[in-house]
Protein chains: 2
Amino acid sequence: MDEHTDQTRKPRADAVRNRERVLEAAKAVFNAGGPEASLEAVAKRAGVGIGTLYRHFPTREDLFEAVYRREVEQLSEFAEQLKNAKDPVDALRRWLCSGVEFVATKKGMVAALALAVQSGSELHAFSFERLTKAIGSLLDRAAAAGAMRADVSPEDLLRAFFGMCYMHDQPGWQSSVLRMLDVFVDGLRVQPVVKAKVRAAAKPAKPAAKRKR
Amino acid sequence: MDEHTDQTRKPRADAVRNRERVLEAAKAVFNAGGPEASLEAVAKRAGVGIGTLYRHFPTREDLFEAVYRREVEQLSEFAEQLKNAKDPVDALRRWLCSGVEFVATKKGMVAALALAVQSGSELHAFSFERLTKAIGSLLDRAAAAGAMRADVSPEDLLRAFFGMCYMHDQPGWQSSVLRMLDVFVDGLRVQPVVKAKVRAAAKPAKPAAKRKR
DNA sequence: TTGTTAAGCGGAGGCTCCCTCCGTATCTTC
DNA sequence: GAAGATACGGAGGGAGCCTCCGCTTAACAA
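Not measured: the values here are computed from a predicted model.

Calculation notes
Residues numbered from 1 in each chain as written. Chains lettered and ligands numbered in written order. Predicted model: local features only at pLDDT ≥ 70, side-chain atom pairs only at ≥ 80, totals over all residues. Heavy atoms only, no water. Helix = DSSP H or I, 4+ residues; strand = E, 2+ residues; numbered from the N terminus. Areas by Shrake-Rupley, 256 points an atom, 1.4 Å probe, with all protein chains shown as cover. Near = heavy atom within 4 Å. Polar contact = N/O pair within 3.5 Å; in protein donor to acceptor, adjacent residues only side chain to side chain. Nonpolar A, V, L, I, M, F, W, Y, C, P; charged D, E, K, R; others polar. Buried < 20%, exposed > 50% of the residue type's maximum accessible area, 1.4 Å probe, protein only. Contact = heavy atoms within 4.5 Å. Salt bridge = Lys/Arg side-chain N within 4 Å of Asp/Glu carboxyl O. Core = buried A, V, L, I, M, F, W, Y, C linked by side-chain atoms within 4.5 Å. Phe/Tyr/Trp six-rings, centres within 6.5 Å; stacked < 30°, edge-to-face > 60°. Lys NZ or Arg CZ within 6 Å of the ring centre and 35° of its normal. Axes fitted to C-alpha atoms, helices over the stretch in contact; angles between N-to-C directions. Parallel < 35°, antiparallel > 145°, perpendicular 65-115°, else oblique. Left-handed = near helix turned anticlockwise from the far one by under 90°.

J.: It is not clear to me how the overall build of chain A should be interpreted in this structure. Could you clarify?
T.: Helices and strands together make up the secondary structure of chain A, namely ten helices and zero strands. For chain A, the sequential pattern of α-helices and β-strands runs α-α-α-α-α-α-α-α-α-α. In the structure as shown, chain A presents an accessible area of about 10700 Å², 54% of it carried by carbon and sulfur atoms.

J.: What exactly am I supposed to notice about the protein's contact with DNA strand D here?
T.: Inspection of the region around DNA strand D gives 25 residues, with Arg60 of chain A together with Arg12, Asn18, Thr52 and Arg55 of chain B positioned closest. Restricting the count to atoms of DNA strand D within 4 Å of the protein gives a sugar and phosphate share of 60%. One nitrogen or oxygen atom from the side chain of His56 of chain B is found 3.4 Å from a phosphate oxygen belonging to DNA strand D. Contributing elements (two or more residues each) for the surface near DNA strand D: helix H1 (13-33), helix H2 (39-46) and helix H3 (50-56) of chain A together with helix H1 (13-33) and helix H3 (50-56) of chain B. Ranked by residues supplied to the surface near DNA strand D, first place goes to H3 of chain B with five residues. Partitioning the surface near DNA strand D into residue classes produces eight nonpolar, seven polar and ten charged.

J.: Could you clarify how one ought to interpret the environment of Ala104 of chain B in this entry?
T.: Residue and element names in this part refer to chain B. As for its position among the elements, Ala104 is in helix H5 (residues 88-105). Relative accessible area serves as the criterion here: at 34%, Ala104 is assigned to the partly exposed category. Setting aside its immediate chain neighbours within four residues, Ala104 contacts Trp173 and Gln174.

J.: Any chance you could explain the pattern of salt bridges here in plain terms?
T.: Two side chains with opposite charge may pair up if their charged atoms get near one another. In this structure the tally under the stated criterion is 31 salt bridges over all chains. Between Arg93 of chain A and Asp186 of chain A there is a salt bridge, with its nearest N and O atoms 3.7 Å apart. On the criterion of sequence distance, the pair formed by Arg93 of chain A in helix H5 (residues 88-105) and Asp186 of chain A in helix H9 (residues 173-188) is long-range, its members being 93 residues apart. A residue is classified by how much of its surface remains accessible, and Asp186 of chain A, at 0% relative accessible area, is buried. Among the ionic pairs, Glu73 of chain B bridges to Arg130 of chain B, the shortest N-O distance being 3.9 Å. Residue Glu73 of chain B is located in helix H4 (residues 60-82), and its partner Arg130 of chain B is located in helix H7 (residues 125-144); the two are separated by 57 residues in the primary sequence. For Glu73 of chain B, a relative accessible area of 27% translates into the label partly exposed. Taken together, the shared-partner salt bridges in this structure form one network comprising Asp90, Arg93, Arg94, Asp182, Asp186 and Arg189 of chain A together with Arg149 and Asp151 of chain B.

J.: I keep staring at the environment of Val190 of chain A and nothing clicks. Help me out?
T.: Residue and element names in this part refer to chain A. Relative to the helices and strands, Val190 resides in the loop between H9 and helix H10 (193-202). Spatially, the C-alpha atom of Val190 lies 7.2 Å from that of Gly146, the residues being 44 residues apart in sequence. Not counting residues up to four positions away in its chain, the partners in contact with Val190 are Gly146, Ala147, Met148 and Arg149.

J.: How do you make sense of the protein's contact with DNA strand C when you look at a structure like this?
T.: Close to DNA strand C lie 24 residues, the nearest being Arg12, Asn18, Thr52 and Arg55 of chain A together with Arg60 of chain B. Sugar plus phosphate: this is where 59% of the atoms of DNA strand C within 4 Å of the protein reside. Arg12 of chain A is positioned with one of its side-chain polar atoms (N or O) 2.4 Å from a base nitrogen of DNA strand C. Here a phosphate oxygen of DNA strand C and a backbone polar atom of Lys10 of chain B are 3.1 Å apart. Looking at the surface near DNA strand C, the elements with two or more residues in it are H1 and H3 of chain A together with H1, helix H2 (39-46) and H3 of chain B.

J.: I would appreciate a short explanation of the nonpolar core in the present structure.
T.: Nonpolar side chains in soluble globular proteins generally cluster together in the buried interior. Counting 131 residues, the largest nonpolar core has Leu63, Trp95 and Phe184 of chain A together with Leu63, Trp95 and Phe184 of chain B as its most contacted members. When neighbours within four sequence positions are excluded, Trp95 of chain A is seen to be in contact with Leu75, Phe78, Ala79, Leu82, Leu131, Ala134, Ile135 and Leu138 of chain A.

J.: For this particular structure, what's the right way to read the packing of aromatic side chains?
T.: Two aromatic rings are characterised by how far apart their centres lie and by the angle between their planes. One pass over the full model with this rule turns up eight aromatic pairs over all chains. Measuring from centroid to centroid gives 5.5 Å for Phe162 of chain B and Tyr166 of chain B, while their planes differ by 70 degrees, and the two rings are edge-to-face. Aromatic rings pair up to connect Phe162 and Tyr166 of chain A together with Phe162 and Tyr166 of chain B into one cluster. For the cation-ring pair, Arg69 of chain A lies above Phe126 of chain A, with the distance from its terminal atom to the ring centre recorded as 3.9 Å.

J.: When you look at the side chain of Thr132 of chain A in this model, what are you seeing that I'm missing?
T.: Examined against the element boundaries, Thr132 of chain A turns out to sit in helix H7 (residues 125-144). Note on Thr132 of chain A: relative accessible area 13%, which makes it buried.

J.: Looking at this structure, how should I read the packing of H5 of chain A against H9 of chain A?
T.: Helix-helix packing is described using two parameters, namely the angle between the two axes and the distance between the axes. Residue and element names in this part refer to chain A. Where H5 meets H9, the axes come as close as 10 Å, and the angle between the chain directions of the two elements is 160 degrees. Considering their axes alone, H5 and H9 lie roughly antiparallel with respect to each other. When you trace H5 past H9, the crossing you get is right-handed. Only Trp173, Gln174, Val177, Leu178, Leu181, Asp182, Val185, Asp186 and Leu188 of H9 make contact with H5, whose side of the interface consists of Val89, Leu92, Arg93, Leu96, Cys97, Val100, Glu101, Val103 and Ala104. Of the residues in the contact of H5 with H9, the class split is 13 nonpolar, one polar and four charged.

Nothing here speaks to function; it is all geometry.
Quick look at the structure:
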């Protein structure tokens, strides 16, 4: 805030402008061509040199994160809203569906998810944390209400979700994923007595379901 | 038409030898470095020119398929054996678990799965068909026994499975996937009365039963 | 205004990998 | 053997990645 005490210069106008341009170009290019798109194409579209792109976003991941930060936030906020839904299980289901919607709309969104899911690094903690918390709150509420098993972590769910969306470039993927998520959420429900018994016998070797959260 | 005397010459010895060498090298390289590994590295390891590699396996996918054909077959046969299991739902569960095992053992196996799942092309029909049939038989049996919902296609399941395995390079992925599969299979079970009603309109087989709930 | 200076710029260049093409070498057959 | 068919290797052109560094330009001070 106070710029006289600390010796920081005002950031250069061209730098700010270029950063914005790159972001915009990246958004367009990634949404169209997916996360594998050429960074040189992004630079060209932005009308800057490749060096400039790399200075602003040293890695492809940095760029992804910057581009999809808003989307992640939206998704996260939507989870917040769903906290007030009556049926907590259905809330989760709806959140997942809207996630699918995101992926469908913005092809590059998968990149953001991949990032959130795959890299445990500090750098990209943002997306991961936001989404984990979003899911976590939904899961917790459902579990607290006794409507859902409690041995599944938000991370697990996030990964499963991402995994299913990963096939987002095949025909019919969307309805397939929705169907699978439906099944999945059903599986998450707390099972009625009879089945609980059956299941207990049915799965002998499952490594300790460690619950963290 | 004319001279059918001996249409097929004996294949050249060096060609056969080289093909084998490439396969072996590819197996090693893919298992170690994953499906993205450089094909030139494979050629070098095999001690052949890059051209030779490409002649035998025109695409990366062809190579994957050749390398993991055996694994796919094993997986497929295991499904056959499971047909005799008492509990059909548990059979499915066990099959999926063994799939996870495969992925864990052979890093490149994901490539084979990706292939089977992603490319609808005729060329790579082999893995896809084998696995689809394998899953299909398990699903059918369970559905016939009335133990499992019938609106999930083998393709769906295969994709979901692959998706979950896709994160196979993170710490703890294996137990996470096992947990998720467990949930998933639970979701596949035919639900008790109350829910069964909701789902009464479920469609039988493969095509995207666009169920809306 | 003008000068100083650091921040920022661009893109050449070195690298890896992809895949094709074709002159040469080798194997099979007669 | 000789003739042909078949296979071999790797050069080469293309595309991307990323780094590096000389030049440009905006911010600030005088």
